[in-house]
Amino acid sequence: MDKVPVRVDGRFRLGDILGSGSYAVVYRVRNIIKNDAVAVKLEPITHSSSVQHEYNILKHLEGGVGIPRALWFGRESTYHALVLDLLGPSLHSLFLSHSRKFSLETVINLGDQLLSCLEYVHSHNYIHGDIKPQNVVLGLGDLRHTAFIIDFGIAKEFWNMTTSVHIPFRQGQRLTGTPAFASINNHLGVEPGVTN
């Protein structure tokens, strides 16, 4: 693998690794011009880019509560780079740090926020495709009580706006997302869509 750049777009200086997935690594970054902290997702350049795909979707969903802001997308050295707002801890890490117990009030609050956020995503004709506790994070500062859904790398449109047609029902598909959190239909080879 090529050497990771020290800076992205000349203004974002890489810091610690915040997380990683199958395709990309997320870093804490300092914007040296504004002197604020953001996050950058770096993905080695291949034929298709899940990071570019994620950027396009986040731009379509921009402004929704619980949707991270995509600040910049481009190429840096041999990487695609997506700069995002820096967010807080994941639901998974919070659950572990609270002895695997959340209060009823917390569960109701999170459920309400996540349902509203997913409703917003679906109202824009997308399905996320990988909802799991690691992909739900809290905001920081004034947004510390707001749940955000992250990692839209495998999200897709389920409704074609041009033809006004739902994606076709297809079987025999490969599993997408994280097996432990995927739907039964996904495990049975049915292509994910809002109706399943």
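One can find the structure itself at the top, above this paragraph.
Residues numbered from 1 in each chain as written. Predicted model: local features only at pLDDT ≥ 70, side-chain atom pairs only at ≥ 80, totals over all residues. Heavy atoms only, no water.

1. Remarks on the packing of aromatic side chains
How two aromatic rings sit relative to each other is given by the distance of their centres and the angle of their planes.
Thinking step 1. Under the counting rule described, the total for this entry stands at two aromatic pairs.
Thinking step 2. Taking 5.5 Å as the distance between ring centres and 25 degrees as the angle between the ring planes, the aromatic pair formed by Tyr55 and Phe73 counts as stacked. With a gap of 18 residues between them, Tyr55 in helix H1 (residues 50-61) and Phe73 in strand E5 (residues 70-76) connect regions that are remote in the sequence. (Phe/Tyr/Trp six-rings, centres within 6.5 Å; stacked < 30°, edge-to-face > 60°. Helix = DSSP H or I, 4+ residues; strand = E, 2+ residues; numbered from the N terminus.)

2. Some words on the sheet that holds strand E3 (residues 25-31)
Thinking step 1. In spatial order, the strands read E1-E2-E3-E4-E6-E5; together these six strands make up an open sheet with antiparallel pairing. A single partner strand is all that each edge strand has here, and the edge strands are strand E1 (7-8) and E5.
Thinking step 2. As defined by bridge partners, strand E4 (residues 36-44) adjoins strand E6 (residues 79-85) across seven bridges and the pair is classed as antiparallel. The residue bridging Val38 from the neighbouring strand is Asp85, located in E6.
Thinking step 3. Against the sheet, H1 engages E4, E5 and E6, with an angle of about 155 degrees to E5. (Pairing = 2+ DSSP bridges. Contact = heavy atoms within 4.5 Å. Axes fitted to C-alpha atoms, helices over the stretch in contact; angles between N-to-C directions.)

3. Thoughts on the pattern of salt bridges
Thinking step 1. According to the stated counting rule, one finds six salt bridges in the structure shown.
Thinking step 2. Across the salt bridge formed by Lys41 and Glu54, the nearest N and O atoms sit 2.8 Å from each other. In this pair, Lys41 sits in strand E4 while Glu54 sits in helix H1, placing the two residues 13 residues apart along the sequence.
Thinking step 3. Of the residues examined, Lys41 reaches a relative accessible area of 9% and is grouped as buried. (Salt bridge = Lys/Arg side-chain N within 4 Å of Asp/Glu carboxyl O. Buried < 20%, exposed > 50% of the residue type's maximum accessible area, 1.4 Å probe, protein only.)

4. Remarks on helix H3 (residues 104-123)
Thinking step 1. In a regular helix each residue adds 1.5 Å, so 20 residues correspond to 28 Å; H3 covers 28 Å between its end C-alpha atoms and thus fits that length.
Thinking step 2. Buried within H3 are the following residues: Leu110, Gln113, Leu114, Cys117 and Val121. Buried residues in H3, looked at end-on, bunch into an arc of 95 degrees, giving them a common side. Opposite the buried face of H3, at more than 90 degrees from it, the exposed residues are Leu104, Glu105, Ile108, Asp112, Leu115 and Glu119.
Thinking step 3. In the segment just after H3, Asn125 is the residue with positive phi, at about 70 degrees. (Expected span 1.5 Å × (residues − 1). Arc of directions from axis to C-beta.)

5. Section: the pairing of E4
Thinking step 1. Relative to E4, E3 runs antiparallel, the two sharing seven bridges. By the bridge assignment, Arg28 is partnered in E4 with Ala39.

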